[in-house]
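A structural walkthrough
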Number of protein chains: 2
Amino acid sequence: MGFFSKDIKSMDDLFVHTLRDIYYAENQIVKALPKMVDKVSNMELKKGFEKHLQETKGHIERLEQVFEMHGIEISGVNCPAIDGILEEADDVSGEIDDKRVLDAALIASAQAVEHYEITRYGTLIAWAKQLGRDDCAGLLDLNLQEEIRTDRALTGVAESHVNAAAN
Amino acid sequence: MGFFSKDIKSMDDLFVHTLRDIYYAENQIVKALPKMVDKVSNMELKKGFEKHLQETKGHIERLEQVFEMHGIEISGVNCPAIDGILEEADDVSGEIDDKRVLDAALIASAQAVEHYEITRYGTLIAWAKQLGRDDCAGLLDLNLQEEIRTDRALTGVAESHVNAAAN
């Protein structure tokens, strides 16, 4: 928070702050996903996590384009929300040995991450449009649509997986 | 995590753990919402937060019914995810003086909370059904539907609010 301490004075400042929040979050997710790939057993899910890791790297590049479009320095701010979501994912998965149960927990954790990103991108797009930055909104929407698709894909895997795991 | 340390062995254990996670989360939200009610200026939003505070108390009661239905002790487990989301909400709102900007930040924070709850309830309902607990799933779905309605209402307020704030 240091960089912006007591310094969010306008909607533009809030937009930039939140952009830096999701930039930090995406970078933390890039670090967390390989650990999830290692832990997961279901091959469909493993491929899904690997695909989303590549997408997430693309999201970071798009965010850097948005920083440049908006004429601001590329940087993150601490985001206790994503830190908490990832800490919880790590805590829970560390308490499970059974592979199917672990996969179910990893799907749930990944969906919590997706929902955080979906809400933040939704907010950022609304603010960008209102600030007259349709160019920024368009790029942010590409990230949002990929997060939504990932969440839906996870729901699909979850349904088939839990069917099996509950038997 | 202490109560369940290394002890999530089955889908049922994972369901119970996640039930305790959302139970803790709902209790933290009940503590956080009055502070958000105090900070917000927009009257529609203030009423919305007050309404959701009452709904959240109802969610806690429904969760307690689910614990009883499932024959388990009513208790929470630490949930670093909601702690992080609420910490971030508090951090950001503490950096804003302008009322309209503060309202926009509070809407975004409330939507982050809603999305966390939506993903957790979605997961819990899927697991409850697969575990043959349609009775639990039915109650959890009542909470989910209220969270979804709250998120949509917040989006509506956000759109009209940001229109005004960006002018």
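Look up a bit, the structure's there.
Note that the coordinates shown come from a computational prediction; the quantities given were computed from them, not determined experimentally.

Observations regarding the packing of aromatic side chains
Residues and elements named next belong to chain A. For the structure on display, the rule yields two aromatic pairs over all chains. Residues Tyr23 and Phe67 carry aromatic rings whose centres are separated by 5.2 Å and whose planes lie at 85° to one another, so their mutual orientation is edge-to-face. Taken as a pair, Tyr23 in helix α1 (residues 11-39) and Phe67 in helix α2 (residues 43-69) lie far apart in primary sequence, 44 residues in all. An identical accessibility class is assigned to Tyr23 and Phe67; each is buried.

Quick look at helix α3 (residues 80-93) of chain A
The terminal C-alpha atoms of α3 of chain A, which comprises 14 residues, lie 20 Å apart, in line with the 20 Å expected from a rise of 1.5 Å per residue. Within α3 of chain A, ten of the 14 residues are buried, leaving the element largely enclosed by the surrounding structure. Every buried residue of α3 of chain A is accounted for by Pro80, Ala81, Ile82, Gly84, Ile85, Leu86, Glu88, Ala89, Val92 and Ser93 of chain A. Buried residues along α3 of chain A sit against α1 and α4 (99-130) of chain A together with α1 (11-39), α3 (80-93) and α4 (99-130) of chain B.

Details of the environment of Met69 of chain A
All names here are of chain A. Within the secondary structure, Met69 sits in helix α2. A relative accessible area of 34% places Met69 in the partly exposed class. The sequence separation of Met69 and Asp135 amounts to 66 residues, and the corresponding C-alpha distance is 7.9 Å. Ignoring any residue separated from it by four or fewer positions in sequence, one finds Met69 in contact with Arg133, Asp135, Cys136 and Leu139.

Some thoughts on α4 of chain A
Residue and element names in this part refer to chain A. Relative to the 46 Å expected for 32 residues at 1.5 Å per residue, α4 spans 47 Å between its end C-alpha atoms, a close match to the ideal helical length. Of all 32 residues that make up α4, 26 are buried, and the element is covered over most of its length. The N-cap residue of α4 is Asp98: its side-chain oxygen and the backbone nitrogen of Arg100 are 3.0 Å apart. Phi for Gly132, located one or two positions after α4, is positive at around 80°.

Observations regarding the relation of the copies chain B and chain A
Its rotation angle being 180°, the transformation that places chain B on chain A also includes 0.0 Å of axial translation and leaves an RMSD of 0.0 Å. Each copy turns onto its partner about a two-fold axis. Minimal C-alpha separation from the rotation axis in chain B is found for Gly84 of chain B, amounting to 2.4 Å. Here 100% of the contact residues of chain B are again contact residues in chain A; the copies associate through an equivalent surface.

Here's the deal with the side chain of Asp151 of chain B
Residues and elements named next belong to chain B. Relative to the helices and strands, Asp151 resides in helix α5 (residues 134-165). One buried charge, Asp151, has no salt-bridge partner; the nearest side chain with opposite charge is Arg152, at 6.5 Å. Those residues in contact with Asp151 that lie beyond four places of it in its chain are Gln111, Glu114, His115 and Ile118.

Some words on the pattern of salt bridges
Residue and element names in this part refer to chain A. Applying the stated criterion across every chain, the model contains 14 salt bridges over all chains. One salt bridge in this structure joins Lys51 and Glu55, with 4.0 Å as the shortest N-O distance. Taken together, the residues span about one helical turn, with Lys51 and Glu55 both in helix α2 at a distance of four residues. The exposure class assigned to Lys51 is exposed, which follows from its relative accessible area of 55%.

Comments concerning the environment of Ser75 of chain A
Residue and element names in this part refer to chain A. Note that Ser75 resides in the loop between α2 and α3. According to the relative accessible area criterion, Ser75 is buried, its value standing at 17%. Distance in space between the C-alpha atoms of Ser75 and Glu64 is 8.8 Å, their sequence separation being eleven residues. With sequence-adjacent residues up to four places away left out, Ser75 is seen in contact with Arg20, Tyr23 and Phe67. For Ser75, the side chain forms a polar contact with the side chain of Arg20, separated by 2.9 Å.

Comments concerning the interface of chain B and chain A
Chain B puts 45 residues into the contact, and the matching count from chain A is 45 residues. Surface buried jointly by chain B and chain A totals about 3,700 Å² across both partners, of which 62% is contributed by carbon and sulfur atoms. Three residues, Glu88, Glu95 and Gln130 of chain B, lead the burial of chain B against chain A; their summed loss comes to 18% of the area buried on that side. Seen at the junction of chain B and chain A, the total is two salt bridges. The shortest N-O distance in the salt bridge between Glu88 of chain A and Arg120 of chain B comes to 3.0 Å. Where chain B meets chain A, there are eleven residue pairs in polar contact (both at pLDDT 80 or more). At the level of secondary structure, the elements contributing two or more residues to the side of chain B that touches chain A comprise α1, α3, α4 and α5 of chain B. Residue contributions to the side of chain B that touches chain A peak at 15 residues, all from α4 of chain B. When its residues are assigned to classes, the side of chain B that touches chain A shows 23 nonpolar, eleven polar and eleven charged.

Rules used throughout
Residues numbered from 1 in each chain as written. Chains lettered and ligands numbered in written order. Predicted model: local features only at pLDDT ≥ 70, side-chain atom pairs only at ≥ 80, totals over all residues. Heavy atoms only, no water. Phe/Tyr/Trp six-rings, centres within 6.5 Å; stacked < 30°, edge-to-face > 60°. Helix = DSSP H or I, 4+ residues; strand = E, 2+ residues; numbered from the N terminus. Buried < 20%, exposed > 50% of the residue type's maximum accessible area, 1.4 Å probe, protein only. Expected span 1.5 Å × (residues − 1). Contact = heavy atoms within 4.5 Å. Polar contact = N/O pair within 3.5 Å; in protein donor to acceptor, adjacent residues only side chain to side chain. Least-squares fit on C-alpha atoms with pLDDT ≥ 70 in both. Lys, Arg positive; Asp, Glu negative; His and termini not counted. Salt bridge = Lys/Arg side-chain N within 4 Å of Asp/Glu carboxyl O. Buried area = accessible area lost by both parts, 1.4 Å probe. Nonpolar A, V, L, I, M, F, W, Y, C, P; charged D, E, K, R; others polar.

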